[in-house]
Amino acid sequence: MLKENYNDVEKRIAAACQRAGRKREEVTLIAVSKTKPVEMIQEIYDLGQREFGENKVQELTAKYEVMPQDIQWHLIGHLQTNKVKYIVDKACLIHSVDSLKLAQTISKEAGKKGVVVPVLIEVNVAQEETKFGITTEETISLTEEIAALPNLTVKGLMTIAPYVEDPEENRPVFRKLRQLSVDITDKNINNVSMSVLSMGMTNDYETAIEEGATHVRVGTGIFGERDYSKAE
Ligand SMILES: *Cc1c(COP(=O)(O)O)cnc(C)c1O
């Protein structure tokens, strides 16, 4: 079943790329494996997948220890400052930087470990109260402040679009994030590349790809529904 799911997602990504006149290599699929056991992750790994996403520090580090070392682990969930030290040298990309304070902590902990951490700025484009992320108005100034910190580098922007029935409803959200990244690129800020646009999940990744996503985060579409009833 996992194999069929995975192949189906791959096919849809390729089709969306084609519709948008983009090359398949321009889009990275992140398999979001949160709550899923290592056996399932291994199955997807064996199909050739190397980029996986987790939203909790503890879960990421636990899987990091036991899974093949060539996996690229993306931290996609909200990050608390007291957990930063466990993750700075394990995540290949932190997608969820949503405050200067968090960025300062990442910078400090990365310095201690002698690494440079690639990060994305999380923007709450749709301004949902229940979601983390900064406002679109704050994005440019905060990007400038964060990029000035040592031991981290700003690779782009991330957003979590609202849950909608029809993915078309999220097209303006994706378009807005893309425009923001263009605006920031035009500012030529030191230590900022805007090469990553992390947007699109199971329900809307094809639309996101049409609007310029470079990284899509697909969980349910690959691994099936998540069961939180056993969660601690
Ligand atoms: C869980 C999660 C996803 C994947 O969601 P699906 O709808 O299962 O594809 C993507 N991004 C973030 C930040 C998540 O927490």
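Everything below is about the structure shown above.
For the structure given in this document, a descriptive report is provided here.

## Some thoughts on the nonpolar core
Phase 1: Counting residues in each nonpolar core, the largest one holds 62 residues, and the members touching the most others are Ile94 and Ile106.
Phase 2: Top element by residues in this core is helix α1 (residues 2–20). It accounts for six residues.

## A closer look at the packing of helix α6 (residues 136–147) against helix α7 (residues 171–186)
Phase 1: Their axes nearest at 11 Å, the elements α6 and α7 cross at an angle of 30 degrees. The pairing of α6 with α7 is recorded here as roughly parallel in orientation. Crossing of α6 against α7: the hand is right-handed. Where α6 approaches α7, its residues Thr136, Thr139, Ile140 and Thr143 are matched on the opposing element by Lys176, Leu180, Asp183 and Ile184.

## Comments concerning the side chain of aspartate 204
Phase 1: Along the chain, aspartate 204 turns up in the loop between β7 (192–198) and α8 (205–210).
Phase 2: This buried residue, aspartate 204, is left without a salt bridge; arginine 217 holds the nearest opposite charge, at 7.1 Å.
Phase 3: Contacts of aspartate 204, omitting those with residues within four sequence positions, involve Ala161, Pro162, Pro167, Asn170 and Phe174.

## Observations concerning the environment of threonine 135
Phase 1: Structurally, threonine 135 can be placed in the loop between β5 (117–122) and α6.
Phase 2: Here the alpha-carbon distance between threonine 135 and lysine 11, two residues 124 residues apart in the chain, equals 34 Å.

## Some thoughts on the environment of glutamate 225
Phase 1: Counting through the fold element by element, glutamate 225 comes out in the segment after α9 (220–223).
Phase 2: Considered as a pair, glutamate 225 and lysine 36 are 189 residues apart in the sequence and their alpha carbons are 9.8 Å apart.
Phase 3: What glutamate 225 contacts, discounting residues up to four positions off in sequence, is Lys36 and Thr220.

## Points about the site of the ligand
Phase 1: In the region of the ligand, the neighbouring residues are Val32, Lys34, Ile76, Ile160, Met201, Thr202, Arg217, Val218, Gly219, Thr220 and Arg226.
Phase 2: Here an oxygen atom of the ligand and a backbone polar atom of glycine 219 are 2.8 Å apart.
Phase 3: When the free accessible area of the ligand is taken as 390 Å², the share hidden by the protein chains comes to 91%.
Phase 4: Among the detected pockets, the ligand sits in the largest pocket.
Phase 5: Looking at side-chain class alone, the shell around the ligand contains five nonpolar, three polar and three charged residues.

## Observations concerning the layout of surface pockets
Phase 1: One number sums up the size of the largest pocket: a volume of about 640 Å³.
Phase 2: For the largest pocket, the lining is made up of 27 residues, of which Lys34, Ile160, Met201, Arg217 and Arg226 are closest to its centre.
Phase 3: Of the residues in the lining of the largest pocket, the class split is eleven nonpolar, nine polar and seven charged.

## Digging into α7
Phase 1: Relative to the 22 Å expected for 16 residues at 1.5 Å per residue, α7 spans 23 Å between its end C-alpha atoms, a close match to the ideal helical length.
Phase 2: Within α7 the residues assigned to the buried category are Arg171, Val173, Phe174, Leu177, Leu180, Ser181 and Ile184.
Phase 3: The elements touched by buried residues of α7 are α6, β6 (152–158), β7 and α8.

## Description of the pairing of strand β1 (residues 28–32)
Phase 1: The buried fraction of β1 amounts to four of the five residues, a majority that puts the element mostly inside the structure.
Phase 2: Judged from the four bridges that link them, β1 and strand β8 (residues 215–218) form a sheet pairing that is parallel. Each residue of the ladder has a partner; that of isoleucine 30, found in β8, is arginine 217.
Phase 3: Sheet topology note: the β1/strand β2 (residues 51–54) ladder contains two bridges and is parallel. For alanine 31, the partnering residue across the bridge sits in β2 and is phenylalanine 52.
Phase 4: As for the winding sense of the linkage, the β-α-β connection from β1 through helix α2 (residues 38–46) to β2 is right-handed.

## Thoughts on the pattern of salt bridges
Phase 1: For the coordinates displayed, the defined rule picks out 15 salt bridges.
Phase 2: With its nearest N and O atoms 3.4 Å apart, the salt bridge here joins glutamate 206 to arginine 12. One end of the pair, glutamate 206, is in helix α8; the other, arginine 12, is in helix α1, and 194 residues separate them in sequence.
Phase 3: Under the relative-accessibility criterion, arginine 12 is labelled partly exposed at 36%.
Phase 4: In this structure, glutamate 210 and arginine 171 form a salt bridge, with 2.7 Å as the shortest nitrogen-oxygen distance. Linking glutamate 210 in helix α8 with arginine 171 in helix α7, this pair joins segments that are 39 residues apart in sequence.
Phase 5: Each of Arg19, Glu168, Arg171, Arg175, Glu210 and Glu211 takes part in one network of salt bridges that share partners.

Reading the values: the criteria
- Residues numbered from 1 in each chain as written.
- Predicted model: local features only at pLDDT ≥ 70, side-chain atom pairs only at ≥ 80, totals over all residues.
- Heavy atoms only, no water.
- Core = buried A, V, L, I, M, F, W, Y, C linked by side-chain atoms within 4.5 Å.
- Buried < 20%, exposed > 50% of the residue type's maximum accessible area, 1.4 Å probe, protein only.
- Helix = DSSP H or I, 4+ residues; strand = E, 2+ residues; numbered from the N terminus.
- Axes fitted to C-alpha atoms, helices over the stretch in contact; angles between N-to-C directions.
- Parallel < 35°, antiparallel > 145°, perpendicular 65-115°, else oblique.
- Left-handed = near helix turned anticlockwise from the far one by under 90°.
- Contact = heavy atoms within 4.5 Å.
- Lys, Arg positive; Asp, Glu negative; His and termini not counted.
- Salt bridge = Lys/Arg side-chain N within 4 Å of Asp/Glu carboxyl O.
- Near = heavy atom within 4 Å.
- Polar contact = N/O pair within 3.5 Å; in protein donor to acceptor, adjacent residues only side chain to side chain.
- Areas by Shrake-Rupley, 256 points an atom, 1.4 Å probe, with all protein chains shown as cover.
- 1 Å grid on protein atoms, 1.4 Å probe; cavity = no way out; pocket = protein on both sides within 12 Å on 5 of 7 lines; lining within 4 Å.
- Sits in = over half its atoms within 2 Å of the grid points.
- Nonpolar A, V, L, I, M, F, W, Y, C, P; charged D, E, K, R; others polar.
- Points joined across faces, edges and corners; volume = space filled by probe spheres on them.
- Expected span 1.5 Å × (residues − 1).
- Pairing = 2+ DSSP bridges.
- Right-handed = clockwise from strand over helix to strand, strands pointing away.

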